[in-house]
2 protein chains.
Amino acid sequence: MSLITEPVASFSPLYEQIKALLLASLQSSEWLPGAPIPSEMELAARYAVSQGTVRKAIDELSAQNLLVRRQGKGTFVATHQEEGGQYRFLSLEPDSGQPFHLKNQFLACKTLQSDAYIADLLEINGGDLIIQIERVQCISGRPTVFEEIWLPEELFRGLSLESLNAWSDPVYALYEAKYSTHMVRAEEKIKAVLADAAISIHLQLPVGSPLLSVERVAFTYGDKPVEIRRARYDTSEQHYGNKLN
Amino acid sequence: MSLITEPVASFSPLYEQIKALLLASLQSSEWLPGAPIPSEMELAARYAVSQGTVRKAIDELSAQNLLVRRQGKGTFVATHQEEGGQYRFLSLEPDSGQPFHLKNQFLACKTLQSDAYIADLLEINGGDLIIQIERVQCISGRPTVFEEIWLPEELFRGLSLESLNAWSDPVYALYEAKYSTHMVRAEEKIKAVLADAAISIHLQLPVGSPLLSVERVAFTYGDKPVEIRRARYDTSEQHYGNKLN
DNA sequence: TAGTGGTCTAGACCACGGA
DNA sequence: CCGTGGTCTAGACCACTAC
């Protein structure tokens, strides 16, 4: 068959064209996070290709964590809910290796005008409204992470301090449940910095303590940036773990 | 066909058994880094399976960066040489985004008895001989990385300060060229620390400056740890970049 | 032109999960 | 039991590389 009259990814392997079509269905919310997509046979029929070609497309999307295969059950849209309070994008782990629990304390949630720096990262116009959140996260009672989060107000209108503090799961699950925004991937830039007066209070540490600075841009479908974070980690008992290959 | 009489990975999909056989050939140095492995058809004949099954095995190994496919030419064993002086495992990048060049200055290379900590990470016996290397790396003339490296002496016998300073490519290329040891993957633990007196001299920074501490364990085939590193990065003009998905 | 990896197909059978 | 994804096969044809 031929899909080369389709507007998307015309001159490329069939499975790339199928991938683009599947991505379009994800991006348009035809299939919601956590929901099953049609079976491989159904999709093969819909797109008039063989099951093996659909399979290769789904394989690549599930390798990117956009879809999740479950043998005997079906293929599902990846979600930050249903992960049992896990933090998929959090690389912090205790030096001890013990499992740990993060306790959230949200401090502020304000709407204000974006400065040029945040606007640039969020690909919005300078001066557009953004939501700014502050929180502290504790590990076994010890304040360990101080974090500022910026979101475009247009997508997260109405987000309040009360709703944040009423939510016990990762905020990425909240974004999905209440704002139909699924985070697909993120990029982090990490530096070492010294605690200033404000942060030293939040983390109950002396001014000048070494802290890990973690700046994150998170993207939803279509590589659209929708969240900026600036975090400070106290790494005296924890570390940021990374695997290279 | 049936490979279930083979000793390796007996009760598993055929392509997993093929993967194990390919891995065994890599680990035994039957195919050396940079060299081509037999064609898919040859391997299919050798193992008496279909080409598609060999293909799936190779696909997974190349996804893990153990093999590299080159259309029209063949499939090659991954190597740290031929990468044009690139540092595959180095996550440091300038804030400016500009391309950069790292200049190596090796300071010391000693053979000594391992302490318990390093021996444990290298999975050798405490007191066994290890080689300890110290170096500084500069970006545009500015000392930016101070690094200590520990290697098991048994595998790297004869490594000297002179041979290190005569080598301009990544040390992982040297390990391959002179010690037949190819690094497959690595794990890093990152913290923020303060510069002590010794490091402040090496990096020409005030004592108490914030530094990124990066501890790495690198593994060769068979998940065998063969190199430990402890580095200190000056992140005032650089950052450690990480992608999450 | 020959040989390599890359794509696509059609069909068989297996393994798992749920009714 | 059926429907799902998972494995395996055999064969055709394409795209790229090198001689």
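Residues numbered from 1 in each chain as written. Chains lettered and ligands numbered in written order. Predicted model: local features only at pLDDT ≥ 70, side-chain atom pairs only at ≥ 80, totals over all residues. Heavy atoms only, no water.

Peer 1: Outline the interface of chain B and chain A, listing residues and values.
Peer 2: Each partner contributes residues to the interface: chain B has 33 residues there, and chain A has 33 residues. Around 2600 Å² of area is buried between chain B and chain A when both sides are counted, 52% of it from carbon and sulfur atoms. On inspection of chain B and its partner chain A, the count reaches 4 salt bridges. B:Lys191 is the salt-bridge partner of A:Asp95, the closest N and O atoms lying 2.6 Å from each other. Our count for the contact surface shared by chain B and chain A stands at 22 residue pairs in polar contact (both at pLDDT 80 or more). With 10 residues, the single largest contributor to the side of chain B that touches chain A is strand β8 (residues 185-194) of chain B. Residue composition of the side of chain B that touches chain A, grouped by class: 12 nonpolar, 11 polar and 10 charged. Both strand β11 (residues 238-244) of chain A and β8(B) contribute to a ladder of 5 bridges, which runs antiparallel. Within β8(B), the position partnered with A:Lys243 by the bridge is B:Glu187. (Contact = heavy atoms within 4.5 Å. Buried area = accessible area lost by both parts, 1.4 Å probe. Salt bridge = Lys/Arg side-chain N within 4 Å of Asp/Glu carboxyl O. Polar contact = N/O pair within 3.5 Å; in protein donor to acceptor, adjacent residues only side chain to side chain. Helix = DSSP H or I, 4+ residues; strand = E, 2+ residues; numbered from the N terminus. Nonpolar A, V, L, I, M, F, W, Y, C, P; charged D, E, K, R; others polar. Pairing = 2+ DSSP bridges.)

Peer 1: Any details on the protein's contact with DNA strand C? Residues and values, ideally.
Peer 2: Surveying the vicinity of DNA strand C reveals 20 residues, the closest of which are A:Leu14, A:Tyr15, A:Thr53, B:Arg55 and B:Arg69. Protein-proximal atoms of DNA strand C, defined as those within 4 Å of the protein, fall in sugar or phosphate at a share of 85%. Between a base nitrogen of DNA strand C and a main-chain N or O atom of B:Gly72, the distance comes to 3.0 Å. Only α1 (14-27) and α3 (51-63) of chain A together with β2 (67-70) and β3 (74-77) of chain B provide two or more residues apiece to the surface near DNA strand C. Of the residues assigned to the surface near DNA strand C, the class counts are 4 nonpolar, 9 polar and 7 charged. (Near = heavy atom within 4 Å.)

Peer 1: Lay out the relation of the copies chain B and chain A with the relevant residues and their values.
Peer 2: By a simple turn and slide, chain B fits onto chain A: the slide is 0.0 Å along the axis, the RMSD is 0.0 Å, and the turn is 180°. In short, the pair behaves as if placed about a two-fold rotation axis. In terms of C-alpha distance to the rotation axis, chain B has B:Ala192 as its closest residue, with the C-alpha 2.6 Å off the axis. The residues that chain B uses at the interface reappear at the interface of chain A in 100% of cases, marking a shared surface. (Least-squares fit on C-alpha atoms with pLDDT ≥ 70 in both.)

Peer 1: Please give an account of the sheet that holds strand β1 (residues 36-37) of chain B that cites residues and values.
Peer 2: Residues and elements named next belong to chain B. On the basis of which strands lie adjacent, the open sheet formed by 3 strands has the order β1-β3-β2 and antiparallel pairing. Edge positions in the sheet fall to β1 and β2, since each of these pairs with one other strand and no more. Bridging between β1 and β3 involves 2 bridges; their strand directions are antiparallel. Across the sheet, Pro 36 pairs through a bridge with Phe 76, a residue of β3.

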